[in-house]
Amino acid sequence: MRPTSASDTPPEVTAILVAGYRAMSPSKKLRRVMELNHVTEAIARARLRRQYGTLDERTLQLRLAALRYPPELMIAAFGWDPRREGY
């Protein structure tokens, strides 16, 4: 794995990261991905609460889903149009 030309990470650091990932067991890699997804969702939840104030759990879940899925799917699956309701 090589850094792209836009990367600000030195090649030596990238090499250390890649070696660490290669040394991880599949279950540890999966745990790491799950942890990162959890952190990403927590950040998104915080942003939505800051932007919209207090939200009931259903509305919060719909807004979170709207960040991941296209509007057409949100409308078909949940009757929620993020272009009208907000992301």
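Presented here is a report on the structure given in the accompanying data block. Keep in mind the model is a prediction, meaning the values are calculated, not measured. (Residues numbered from 1 in each chain as written. Predicted model: local features only at pLDDT ≥ 70, side-chain atom pairs only at ≥ 80, totals over all residues. Heavy atoms only, no water.)

## Some words on helix H2 (residues 26–52)
Going by this rule: Working definition: helices are DSSP H or I runs of at least four residues, strands are E runs of at least two. Numbering for both runs from the N terminus. The span you would expect from a helix comes to 1.5 Å times its residue count less one. To sort residues, take the accessible area from a 1.4 Å probe on protein chains only and compare it with the maximum for the residue type: under 20% means buried, over 50% means exposed, and anything in between is partly exposed. When checking whether two residues touch, look at their non-hydrogen atoms; a contact exists if any pair is within 4.5 Å.
The end-to-end C-alpha separation of H2 is 39 Å, in line with the 39 Å expected for 27 residues at 1.5 Å each. What H2 keeps buried is the set Ala44, Arg45 and Leu48. On the buried face of H2, the contacting elements are helix H3 (57–68). Directly beyond the C-terminal end of H2, a positive phi value near 80° is found at glycine 53.

## Some thoughts on H3
Structurally, the α-helix is built with 3.6 residues per turn, so residues lying three or four positions apart point the same way. Threshold: Two N or O atoms count as a polar contact when they lie within 3.5 Å, although within protein this holds only if one can serve as hydrogen donor and the other as acceptor, and sequence-adjacent residues are included solely when both atoms are side-chain atoms.
Taking 1.5 Å per residue, 12 residues should reach 16 Å; H3 reaches 17 Å between its end C-alpha atoms and fits that length. Inspection of H3 places Thr59, Leu60, Leu62, Arg63, Leu64, Ala65 and Ala66 among the buried residues, and these make up the whole buried set. The secondary structure elements touched by the buried residues of H3 are H2, helix H4 (71–78) and helix H5 (82–85). Of the residues that open H3, the one with a side-chain oxygen 3.2 Å from the backbone nitrogen of arginine 58 is aspartate 56.

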